[in-house]
Amino acid sequence: MPDARSANVRRNRASSSAFDTYTRPATTSPASVPSIAVRSAGVTLSANLGALEKDTGHWGQARASFGRARDIFHRLGYRRGEGIVLNNLGLLELDVGRFSEARHCWEQACILHREVGNRRSEAYALGNLAGLCRQEGKLGEARELCQRALATFHEVGDTRTEAVWLFDLALLEAEDG
C-alpha cells in the first residue's frame, strides 16, 4: 500500500501538470478563432485556473483568476457564469476566513442566479450562506437558509442533493436543540 508521502508527490505532480496546462500559451492563433470563442475560452481558463489555485492553496492567485473570470462574464453579459464564479469566490473567501466577503459573494450569486432562472446554482449559494451562518453561530438564520436551499433542490428534482441538505438540516436542529 502506498504511503502518504508518495500520494503527496503524485498529487503535487498532478497539480504541477495542471498548472502547466492552464498557464501554457495557446498554440491557436487568436486571429483564427472567432473573438467570442477566444473570450469564452479565456474566461473558462481563468475560472478553472482559479479553482485549481484555490485547491492548492494559492489564495491570492485564485482570487485574481476568479476576478478576471467574473469581470469577463460581466462584460459579456453572461450573468449565469458570473454567478457561478461568485459562488466559487465565496468558497475561497470562506477558506481564508473572510466571512463578510464570502457572504457578499453568495448574496450576489443568489441574486444573479434568481434573475436568470438558475435555481440549482441559487440553491447551492443559499446552502453556502447557511453553512456560513452556522459557523457564525446564527443558527436561526442558518436553518431558514438551509430550508430554502432544501426546498429549491426539491423543486428542481435534485433528490441526491436534497438528501444531503435534509441531513444538514437535521444536524442544525440537533445543534440548536
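Residues numbered from 1 in each chain as written. Predicted model: local features only at pLDDT ≥ 70, side-chain atom pairs only at ≥ 80, totals over all residues. Heavy atoms only, no water.

Colleague: Can you help me understand the packing of helix H3 (residues 59–76) against helix H4 (residues 79–95) in this one?
Modeller: Two measures define how a pair of helices packs: the angle their axes make with one another and the distance between the axes. Here H3 crosses H4 at 160°, and the two axes come no closer than 9 Å. The angle between H3 and H4 places the two elements in the roughly antiparallel class. The handedness of the crossing between H3 and H4 is left-handed. Contact residues: Trp 59, Ala 62, Arg 63, Phe 66, Ala 69, Arg 70, Phe 73 and His 74 in H3; Gly 81, Glu 82, Val 85, Leu 86, Asn 88, Leu 89, Leu 92, Glu 93 and Asp 95 in H4. Each residue belonging to the contact of H3 with H4 can be placed in one class, and the counts come to nine nonpolar, three polar and five charged. (Axes fitted to C-alpha atoms, helices over the stretch in contact; angles between N-to-C directions. Helix = DSSP H or I, 4+ residues; strand = E, 2+ residues; numbered from the N terminus. Parallel < 35°, antiparallel > 145°, perpendicular 65-115°, else oblique. Left-handed = near helix turned anticlockwise from the far one by under 90°. Contact = heavy atoms within 4.5 Å. Nonpolar A, V, L, I, M, F, W, Y, C, P; charged D, E, K, R; others polar.)

Colleague: Is there a simple way to think about the nonpolar core in this case?
Modeller: Looking at soluble globular proteins, one finds that nonpolar side chains tend to be buried together. Ranked by size, the top nonpolar core spans 31 residues in total, and within it Leu 145 and Cys 146 carry the most contacts. For this core, the secondary-structure elements that each account for two or more residues are H3, H4, helix H5 (99–116), helix H6 (119–135), helix H7 (139–155) and helix H8 (159–176). Sequence-distant contacts of Cys 146, defined by excluding residues within four places in its chain, comprise Ala 130, Trp 165, Asp 168, Leu 169 and Leu 172. (Core = buried A, V, L, I, M, F, W, Y, C linked by side-chain atoms within 4.5 Å. Buried < 20%, exposed > 50% of the residue type's maximum accessible area, 1.4 Å probe, protein only.)

Colleague: Teacher, can you tell me more about the pattern of salt bridges here?
Modeller: Oppositely charged side chains are able to pair whenever their charged atoms sit close together. The final tally for this structure, using the stated rule, is 15 salt bridges. Where Asp 158 meets Arg 120, a salt bridge forms, and the shortest distance between an N and an O atom there is 3.1 Å. Residue Asp 158 is located in the loop between H7 and H8, and its partner Arg 120 is located in helix H6; the two are separated by 38 residues in the primary sequence. Residue classification places Asp 158 among the buried residues on the basis of a relative accessible area of 12%. With a relative accessible area of 37%, Arg 120 lands in the partly exposed category. Connected through shared salt-bridge partners, Arg 103, Glu 107, Glu 136, Lys 138 and Glu 141 make up one network. (Salt bridge = Lys/Arg side-chain N within 4 Å of Asp/Glu carboxyl O.)

Colleague: Teacher, can you tell me more about the confidence of the model for the protein chain here?
Modeller: Reading predicted coordinates in detail is not appropriate for stretches of low pLDDT. On average, residues of the protein chain score 77 in pLDDT, and 69% of them reach the 70 mark or higher. Confidence, expressed as mean pLDDT per element, reaches its minimum in the protein chain at helix H1 (residues 4–23) with 42 and its maximum at H5 with 97. Note on residues 1–42: pLDDT is under 50 here. Beyond four places in sequence and across chains, it has 20 contacts. (pLDDT = per-residue confidence, 0-100.)

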